[in-house]
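This is what each chain is made of:
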Amino acid sequence: MPMPALTIPRQPSLAFPHMKKVPLRKDSERKIGSFRSNGDMKTLLPQDLYSAIFDEIPDDLDIKNLITVDQGPQNHYLNNAAFGRAYNDVLDLSFKLKRFAETNPDIFYDQACLPLINHTYDVLEDFFGTDKLVLVPNCTFGLKAVMEHLVREKNHKILAQLTPVYGATQKLMDYYKSTGDVDKVLKISPGRGHHALLEEDPSVIVEALEDAYALQEFTVLFCDQVASQTGRVLPLDAVSKFCKENNIVLVVDGTQSCQLFFGKNKKQLQNVDFFVMSTHKWISNVKTCGIVVFKDPQNAPCAPAISFGWENSCSNSLTIGKIRAKFQWLGMLDSYISYITLSKAIKIFRKYGEAQMLMASATLEKGIADILHLKAILPKTYNGRVINIVELENSQFEPMGDVTQIQNALQDYGIFVSVKKYGQGCADTTTENFIDAALASKQNEEDTQCPNSTCTKKRKISGAVLDACSKIKQKFYIRISCWSFNRKENFEALNLVFNNNLKLSTSTNNALRHQFLHTYDLYEKLFSVLETKAFFNRAERLRHHLIFYYAHTAVFFINKLVVSGYLHPMQRIDPRLESVMSVGVDEMSWDDVLEENYEWTSMSDEDQENYLWKIKNYRQQVKDLVLGMIDCNPVVHPIAQGSFHWVLLMGLEHEKIHLETSAVIISQVPIDLIKKHHQFKFRTYYDEKSDVDCPGDAPSNTLVRIPGGEVTMGKDHHEQDLYGWDNEFGSERKTLKPFTSSQMLVSNAEYLEFVEAGGYEDKGKSWWSNEGWKYVSDLHVSGPRFWIDRTHCRTMLDIIPMPWDLPVEVNNLEADAFCKWKSSQIGKKLRLISHEESLHMRQIAKKQTSNSNLNKFASPTPVNLYGGQINGKKVFDISGNVWRHSVSVLTIMEGFKTDPFYNDFTLPTIDGFHNHILGGSWISLGNCSNHNGRYGFRRHFYQYAGIRYVCSENDYHDRVLQIFDGIAIGHQITEHFTDFTDQVLMQKKPIKNWPEKFGQMAAEQINQEAQNFSGKIKVLFAHGGVGRSALEILRGCQDLNMDYTDTTANNLQVLEHLLENKRIQWYQQVEGKLVELMEFSLNEFESSDRLLKEKGNSISYWQADYRNLRPQLDGYTVIVTDFRIKDAAQELEHISSKLVEGGLLIMGGIDEVDGYSTGRSSPIRQRYSLSVLEKYFDEVPSDEALESYAHIYKETRNKHQYAISNFSVWRKKMNAEIDAADFFTAPEENSARRPETTAQYYEDGDILTSYDQFHFGEGLLGIQNFPQKMAEVCIEAGKKFKINFNTALDAGCGPGRTAMELCKVFEKVEAYDYSQSFVDMMLENKMRKGLDNLTAYQGDSHIQDQLTEEKFDLIFGCNLIDRLHTPIQWVKQSQAMLREGGLLIIASPYTWKPEHTPVEKWLGGYLKDAENHFTLDGLKEALMPDLVLLEEKKVPFVIPDADGTFQYTYSNCTIFGAPSKNKF
C-alpha cells in the first residue's frame, strides 16, 4: 500500500528529474602523489563493479525498499538524523569496492581511485550546479578546513554562532579562542528561552542578529541550516541577506539538510560562503564523507593535512583542480571508498530523494499525532519535515533525570531515538544544551531556595499554610527523525513503551527488567507519601489497611510463581506473610463490616515501625529474587500463556492495578498522615497552575453526535501481542446506532447544579435507583466524597480550593442519579455511556491526547484540556483523566476461559453487581489504560471515576449470562456440549460426542420419515438431558413441533438458555470444590429465530414422569429417547402409548435390546425392553443400528463415566393395544436398601462381592487388573529409587491383591483394612496361596502408628486418603514410619466428598489464599522438606455401575522419597 505522503492534496505528482549522464572526465588531473588517472575503467574494474558505479539509476525502484534496516522485530530506529542509513545499492557497492581494494590494492590506489573520485566530483558539480567544492573525510574535517582558512589565513577575530550549532562546531570555535587565534565567540539566541532551538521566523532571527551586531560587530557567522537538536529549519535567504549587507562571511552546516536540495530551495545555497555537510544521513551514503561547497576559489578552505597534492602556490593562482589536489591524498583510508560511493548515492538521492522526503514527512507527522497522540513542537510546513521533537512526558523516563540513562533505557526497549534536555529543576544543579542565560538565571535562583530533595514553597490554602513544591520542572524532549524505511510500526512500538506495555512477540529480557523495576519502584514511591501510622489506618472502610496492599503486590509475585511451578514451595521467602497478605477483598456492600482481626491491629507504635520495616525488607527480597529469575531465564518469543515471563507480566499488571486502587485509598487518608517530603515527585495540575489566584471557570458542556458502526471487542480483534487478563480473551461484536455524547466529562461545576437542585435530599429521591437511594440514606451522603464543604477538594496528597473545571469524581450510583436529573433539565433521556459506546469512541477518534499513564499530571486536569476529533468535532477526555462510569455490567465474552494461575480474577465480578469503568485515569498504567482492558467495581465503590453521559437508543449489557454452577448438571453439560478427545486405554474407543451423534442420526431418520408426511411432524423427545441431541435435530430438520422433556427442570433450562442467548456457560468440576468455567456457543449463523421460526420448528419444554406423562403429551408421529438405564421396559411401554399407530420410535440405550439380528452380542433379558419392542413394534433397518457406540465424559479431571450405547429405529404396529399390566413388576424386596455409613458400605454383601471381583478378577474393557497394576508400580519404583525390599505396608488394602503381589519381592508385608470382612477375605486368600510373609489385620488408618511397631521400606495407600475423616493424620504417621531411604506411595483419584471427609480436612481440591490448591499441592506441603515428590503417574481402573455404565478413573499415583533420591 503506498504511503499517503505520495498523494498529499495539492501536491503535484512527482516527475523524476532528467538525469544528465555524467561521463568520466578525460581532462582531469593525471596524477596526484601515487594516484594516477590513466587507463580505461572498463578494463581496470570487474564488470559488476563498473556497472554499479556508472550505470544509470532505474526509474522503477520502490522507494520504501531503497534502504533496508536490519533492525529485527524488536528494534525500531527513529533516529536517521543521528547516524543515517546507506542505500542498499550504495552499501553493496562499498562492499565490492572494499574487497577490490583489498585484493587489488595496486590497481585500486594507483590507477582506479583518482578517476573514480573525479567521477564523483562530476556528479557533485551537476547536483550542486558548481565546481567549487571539495570532498573531506567528514563534516568536522570540513568545518576545521574552513576555520583554518578564515581564522589563520584571513585573520577573522570575532566569530558568531547562531544558536544552536552542532557540538563539534562549538568545540572548534572554543579551541581557536583558547589558542588566541580568535578574540570572541558570540552566541546569538533568537527568541526567548529555549525558543532558539525552535525559532524559524525570519524576522525574529534577523532581529536577534541585528541586535547582536549592534552590540558587537562580528565578521563570520556560523549556523546550522537544520538544527541537529530539534530539526529547526533556518530561513537561509534572510540570514544570507543580513550577512551580505554587513559583509559577514556565512558558514552553514548542512549535515541535517534535506528539504534544501529540492526545487527552489536549492537557490539559497548561492548566497552561502561556505556550505559544509556530511553525506551519510539524508543523502544515504556510506560512512563517512563530507562536502565543502564554497563561493570563491580565492577563499577556499585549507586542506586538513599536508598531502602529495599540496603546492606552495599563491592563492590567486589556485585552480579548482589544485584546491582539490590538496584534499585528495590522505593515505590509504576508507574515506576513498565513501568518496567513490557518493556518486551513486547522489544519483539515487537526486532521483528519489524528494519522494523519500515526502513519505518520511507524512510518516513522521502521522506517527506523532495519530499514534503517539502527542503534539509536535515544530509546526507543519509546506516542504515537510523529516525531523521533529516532542516533549518527553513519561513517568518512567523523566525521573531518571539523565539523558544517557533515558536513552539507554529506551534502547533496552528496542527504541532508538535521540533524547535531549532543556531547563533545570532544583533536583539537578547541572544542565546540558543550556539555551538561554535569562532562563538559567531564573532556575538557579529557584535552586537556591530548594534544599536537597525537599523543594518546598509555602502556599496558603483556606487559612492554613501547607508546604508544596512549585519548582520549575526539568524538561526532556525526544528528537524523532524519519526516512523512507520508517513505518507506522516503529511509532506503535514507541507508543507501547510510553504506555507501559510490552509486546509478547519481541520484548527482551532487558525490556522486562526495566518495566519490572519501573512498576515495582513506582509502587514504592507511592507508599513513600505515608507516615507510618497511615499504613495501619483503615482509610477505606471496605478495604484492608494500606500495610496489606503494600505487601500484597510483592506477595502476589511469589504466590503466582509457586502456583505456576516456577518457584518451588521450599523457595518461599516468608510463607506466613505470603498467606496473610495474599487475598484482597472484593468491595462489599456499604453495610458490610470487615473485622479488625489482623495481626497488626493492636500493635504499638514501635511494633508498627518494626512491622513496616519487615514488609520493606520483604519487598526488597522479592525484588532481588525476581530480577535474578529474569536474568537467568531468557525470553522465548512469543511469550506464551503459562510461561515464566507470562507470570511475570501478570505480576506487573497486577501491581499497576493496585497502584491505582491504593492511590484512591491514600486519597482518603487523613491529611496529617501524608508526608510533606517523599519520593512520589510527579507534578499535579494544581501545582503547575498554583500562580493562578482564581481557578478557571468551568466550560459549558454540550452534546456532540457520534456516528454509529460496528464495534469489535476481545483479544480475537485487538492487542493480540500484549498481555491481557483472562476476561479480555474471546470475541464480541456489536453494531451501534448513532448517538450523542457529552463533549466533556461532567465537571465539578456541572455536578454542583445537581447537588444544589437537592440531589442528595428527599426531594431528589426520584432521580436515584433503589440501590442508590439506600446508599445515600444509610451513609447520610450529602455530596461527592472528595468535596470539602463545596469550597475545597481533597486530592491524593493535598487539599486545594475547589477546581470547578476538573471532572467530578463520584461512584456509579451517584453518576446514574446525575444522568436522570440532567435528563429532567434538558428534556432528553440521558444515561451513562455503555462499554461498547466508549470503546467505539476510542477506536474512531483522531489525534487523541490524554492524561494517562502518569505521563501528563499526577492528578486530574480540566475537562477541556485533552481530547481528540470525532467527525470533525472536538471531544474531550475520550480516555484518561478519570475513568468513565458505565451503564454496562461486567460480562465475559464468547471464548472466555479462566487463567489457571489466577482463576478468581474475573468470575467473582460477573454477578450483575459490578459495572464497567471505562477508559482509564491519570494514574492508569499499561493494561489499565488499554482499549481491550475490562475493569469494573461494585456500583457504590469509589475510584478515580467520573461521568460521560449519552443520549442513545443502543442497548447494552444490563444483566449477566447465567452460569450453570451445579456439579451434577455441569457433568451433563460437559457430556453434551464438549468433545472428548483424550487418549484412553479401553479396547473400544469412545466417539467424541454421543449426544451429538445420536441427534444427528435421529435427524436423518426424521427427515426420511418427513418425505412420506405432509404438514408438521409432532415429536416427543424423552430423556433429553441438557439438550445436545435436540439441538442437532433442530439443526437438521424443519417443520417440527417438538415437546422436549426431561425428569428435571434444571436440565430443560440449558437448551432453552442456549437458544435464547446463543451460548451457555457452566462450571465443570476439576477436583473437590475446584471448578473450571466452560462455554459452548452456537455458530455465528445460528440463532433461535433461524433454528425455529425460519425453519418452521417450535419447541416446548416439559418436566416429565415417564411412567405417567401429562395427558397433553400425546399423539406423536415420532418419539426420540436416549435411555441410560438397563431396565427401561415400563418407561418404554408408557411413552410408546403416546405414539400414533405407524409412528416412529428412535431409540438410544444401553439396554441389551438385541442379540440375534443386528450383530450386537450382549445377552438379552427377555423380560425387559426387547419384549416391549417385539410385541408392539417392527424394527426399521438402519445402517447405524449395526454397530454400538462407546462414549465417555468427565466428572472430574481423574474420574469419567463410560458407556456403550446402541441405536435402533422402530415402527409401531397397527392396532397395537398396550397393556401396562403385562410389564409391571413389583420391586424386589430390599431393592431400595443402601448402606448408610462408610462402615456399613464396606460390610454390604453386594459391595464385598464387587470388591472381590475388582481385586481378583480380570480387568474390564481391556484395562489391566488395578490392584495388580499398583503392585507393579510399587515394585518398579522400589527398584528405580533403590530401596531395600525388607518390609512393606499396604494401608486400606481391601481384599488384599496388591499386598499379596508385594509378598513376591518383600521379605515381610503387613496389610490392614478398616473392614473386617475385607480382612477375612484376605486371610482366606493368604491361606489358599500359602503366603507366610503376609500379616493381615483390621485397623483404622488414623491410628496406624498404634497398629504396628515396624518401620517400613515402602508404605502404600491406595484410594484411601479421600475416604478418611482426617487424612493428614495418616500422611504424617506414614512419613514417620518410613525407614531411611524408604518410599511413601499414595494413589488416589482425589474424589473428595463431605460425607467421608469434612471439607476443612481435605488435603486439596479447594481455594487456598485465592489460589487453586490441589491435593498434590497439599501432599507436597505436608511432607516437605523430608520427603519430596519423586515421580507422578496416572493409573486407570474400571468399576462397573449397576445402571450398565462404567466408572473409568485415574488414580493419581504419587511417589515420595528423600530429596537425595531425585538423582535417580
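Rules and cut-offs
- Residues numbered from 1 in each chain as written.
- Predicted model: local features only at pLDDT ≥ 70, side-chain atom pairs only at ≥ 80, totals over all residues.
- Heavy atoms only, no water.
- Helix = DSSP H or I, 4+ residues; strand = E, 2+ residues; numbered from the N terminus.
- Buried < 20%, exposed > 50% of the residue type's maximum accessible area, 1.4 Å probe, protein only.
- Contact = heavy atoms within 4.5 Å.
- Areas by Shrake-Rupley, 256 points an atom, 1.4 Å probe, with all protein chains shown as cover.
- Pairing = 2+ DSSP bridges.
- Axes fitted to C-alpha atoms, helices over the stretch in contact; angles between N-to-C directions.
- 1 Å grid on protein atoms, 1.4 Å probe; cavity = no way out; pocket = protein on both sides within 12 Å on 5 of 7 lines; lining within 4 Å.
- Points joined across faces, edges and corners; volume = space filled by probe spheres on them.
- Nonpolar A, V, L, I, M, F, W, Y, C, P; charged D, E, K, R; others polar.
- Core = buried A, V, L, I, M, F, W, Y, C linked by side-chain atoms within 4.5 Å.
- Parallel < 35°, antiparallel > 145°, perpendicular 65-115°, else oblique.
- Arc of directions from axis to C-beta.
- Salt bridge = Lys/Arg side-chain N within 4 Å of Asp/Glu carboxyl O.
- Phe/Tyr/Trp six-rings, centres within 6.5 Å; stacked < 30°, edge-to-face > 60°.
- Lys NZ or Arg CZ within 6 Å of the ring centre and 35° of its normal.
- pLDDT = per-residue confidence, 0-100.

A word on the overall build of the protein chain
A tally of regular secondary structure across the protein chain gives 40 helices and 51 strands. Burial statistics for the protein chain: of 1464 residues in total, 58% are counted as buried. Within the protein chain, residue pairs in contact and separated by at least 24 positions form 76% of the contacts whose partners lie at least 6 positions apart. Within the structure as shown, the protein chain displays about 60300 Å² of accessible surface, and the carbon and sulfur contribution to it stands at 49%.

Quick word on the sheet that holds strand β11 (residues 387–391)
Remark on secondary structure: sheet strands pair via backbone hydrogen bonds, oriented parallel or antiparallel. Spatial ordering of the open sheet is given by β11-β16-β13, a layout of three strands whose pairing is antiparallel. Edge positions in the open sheet fall to β11 and β13 (418–422), since each of these has one partner strand only. This sheet shows a mean twist of 30° between the axes of neighbouring strands, independent of strand direction. Taken together, the five bridges between β13 and strand β16 (residues 475–481) define a ladder with antiparallel strand orientation. The residue bridging Lys-421 from the neighbouring strand is Phe-476, located in β16. Each of β11 and β16 touches helix α11 (residues 335–371); the most contacted strand, β11, lies at about 10° to it. Where helix α12 (residues 403–412) meets the sheet, its contacts fall on β13 and β16, and the angle it forms with β13 comes to roughly 150°.

Overview of the sheet that holds strand β21 (residues 787–788)
Pairing in this open sheet of three strands is antiparallel, and the strands run β21-β22-β23 from one edge to the other. Whereas interior strands pair on both sides, the edge strands pair on one side only; in this sheet they are β21 and β23 (799–801). One ladder, built from three bridges, connects strand β22 (residues 792–794) with β23; its direction is antiparallel. Residue pairing across strands places His-792 opposite Pro-801, the latter belonging to β23.

What about empty space enclosed by the protein?
A complete count under the given rule lists six cavities of 30 Å³ or more for this structure. The volume enclosed by the largest cavity comes to roughly 100 Å³. Taken together, the elements giving at least two residues each to the lining of the largest cavity come down to α25 (835–844) and β28 (914–918). Broken down by class, the residue content of the lining of the largest cavity amounts to five nonpolar, seven polar and one charged. Together, Asn-500, Asn-501, Leu-502, Gln-515, Leu-649, Leu-652, Glu-653, Lys-656, Leu-722 and Tyr-723 line the second largest cavity. The leading source of residues in the lining of the second largest cavity is helix α20 (residues 644–666), at four residues. Across the lining of the second largest cavity, the residue classes break down as five nonpolar, three polar and two charged.

Describing the nonpolar core
Residues Phe-128, Ile-480, Tyr-751 and Ile-947 are the most contacted members of the largest nonpolar core, which totals 261 residues. Sorting elements by how many residues they give to this core places α11 first, with 18 residues. Judged by nonpolar contacts, the second largest core, of 43 residues, contains Ile-1017, Ile-1033, Val-1054 and Tyr-1189.

Quick notes on the packing of helix α2 (residues 47–54) against α11
Two elements in contact, α2 and α11, have axes separated by 8 Å at closest approach and are oriented at 50°. As judged from the angle between their axes, α2 and α11 are oblique. Taking contact as the criterion, the partners of Ala-52, Ile-53 and Phe-54 in α2 are, on α11, Ile-340, Ser-343, Lys-344 and Lys-347. When the residues that make up the contact of α2 with α11 are grouped by side-chain class, the tally is four nonpolar, one polar and two charged.

Describing helix α23 (residues 770–779)
Counting along an α-helix, one turn takes 3.6 residues, and residues three or four places apart therefore face a common direction. All of the buried residues along α23 are Gly-772, Trp-773, Tyr-775 and Val-776. Projected down its long axis, α23 shows its buried positions confined to an angular sector of 155°, all on one face. Looking at the buried residues of α23, the elements they touch are α24 (812–826).

Overview of the pattern of salt bridges
Enumeration over the complete set of coordinates arrives at 60 salt bridges. Notably, a salt bridge pairs Asp-521 with Lys-623, separated by 3.0 Å at the nearest N-O pair. Here the residue Asp-521 occupies a position in helix α15 (residues 509–527), and Lys-623 occupies one in helix α19 (residues 605–632), the gap between them amounting to 102 residues. With relative accessibility at 26%, the residue Asp-521 sits in the partly exposed group. Its salt-bridge partner being Lys-1093, residue Asp-1089 comes within 3.9 Å of it at the nearest N-O pair. Remark: Lys-1093 and Asp-1089 occur in helix α30 (residues 1088–1093); sequence separation between them is four residues, near one turn of the helix. For Lys-1093, a relative accessible area of 68% translates into the label exposed. Salt bridges here are not isolated pairs; linked through shared partners, they connect Glu-996, Arg-1028, Glu-1032, Arg-1035 and Glu-1086.

Remarks on helix α14 (residues 488–498)
For α14, the tally of buried residues reaches eight of eleven residues, placing the bulk of the element in the interior. Inspection of α14 places Asn-490, Phe-491, Ala-493, Leu-494, Asn-495, Leu-496, Val-497 and Phe-498 among the buried residues, and these make up the whole buried set. Each element contacted by the buried residues of α14 is listed here: β3 (76–77), α11, α12, β12 (415–416) and β16.

Quick word on the pairing of strand β20 (residues 739–742)
With four bridges connecting them, strand β17 (residues 703–706) and β20 associate as antiparallel partners. For Leu-703, the partnering residue across the bridge sits in β20 and is Ser-742.

Here we look at the environment of Lys-846
Position of Lys-846 relative to the elements: it lies in the loop between α25 and β25 (867–870). According to the relative accessible area criterion, Lys-846 is exposed, its value standing at 53%. For the pair Lys-846 and Asn-871, spaced 25 residues apart in sequence, the C-alpha separation works out to 8.9 Å. Leaving out residues up to four positions away in the same chain, Lys-846 has contacts with Gly-868 and Gln-869.

A short note on unusual backbone geometry
The linkage connecting Lys-287 with the following residue, Thr-288, adopts the cis geometry, with an omega of -15°. With respect to the element layout, Thr-288 can be found in the loop between β9 (274–278) and β10 (290–294). A cis amide bond links His-637 with the next residue in sequence, Pro-638, at an omega value of -10°. Following the sequence through the fold, Pro-638 ends up in the loop between α19 and α20. Positioned with a positive phi, Ser-284 is a non-glycine residue whose angle comes to about 65°.

Considering the packing of aromatic side chains
Each aromatic ring pair is characterised by the separation of its centres together with the angle its planes make. This model, assessed by the stated rule, comprises 72 aromatic pairs. A centroid spacing of 5.4 Å and a plane angle of 75° characterise the contact between Tyr-685 and Phe-857, whose relative ring orientation is edge-to-face. Of the two residues, Tyr-685 sits in helix α21 (residues 685–688) while Phe-857 sits in the loop between α25 and β25, which places them 172 residues apart along the sequence. A network of ring pairs unites the aromatic residues Tyr-751, Phe-754, Tyr-760, Trp-767, Trp-768, Trp-773, Trp-787, Trp-804, Phe-818, Trp-821 and Tyr-949 as a single cluster. Across the ring face of Phe-127, the terminal group of Lys-266 is positioned such that the distance to the ring centre comes to 3.7 Å. Across the ring face of Phe-857, the terminal group of Arg-683 is positioned such that the distance to the ring centre comes to 4.4 Å.

Thoughts on the pairing of strand β50 (residues 1428–1440)
In this sheet, strand β51 (residues 1446–1457) lies alongside β50 in antiparallel orientation, the contact comprising twelve bridges. Considered in β51, the bridge of Glu-1431 is made with Ile-1455.

A word on the confidence of the model for the protein chain
When pLDDT is averaged along the protein chain, the result is 87; 88% of the residues meet or exceed 70. Counting contacts from residues 1152–1167, a segment whose pLDDT is below 50, to residues more than four positions away or on other chains yields 34 contacts. The model gives residues 1223–1233 a pLDDT under 50, and that stretch makes ten contacts with residues more than four places away or in other chains.

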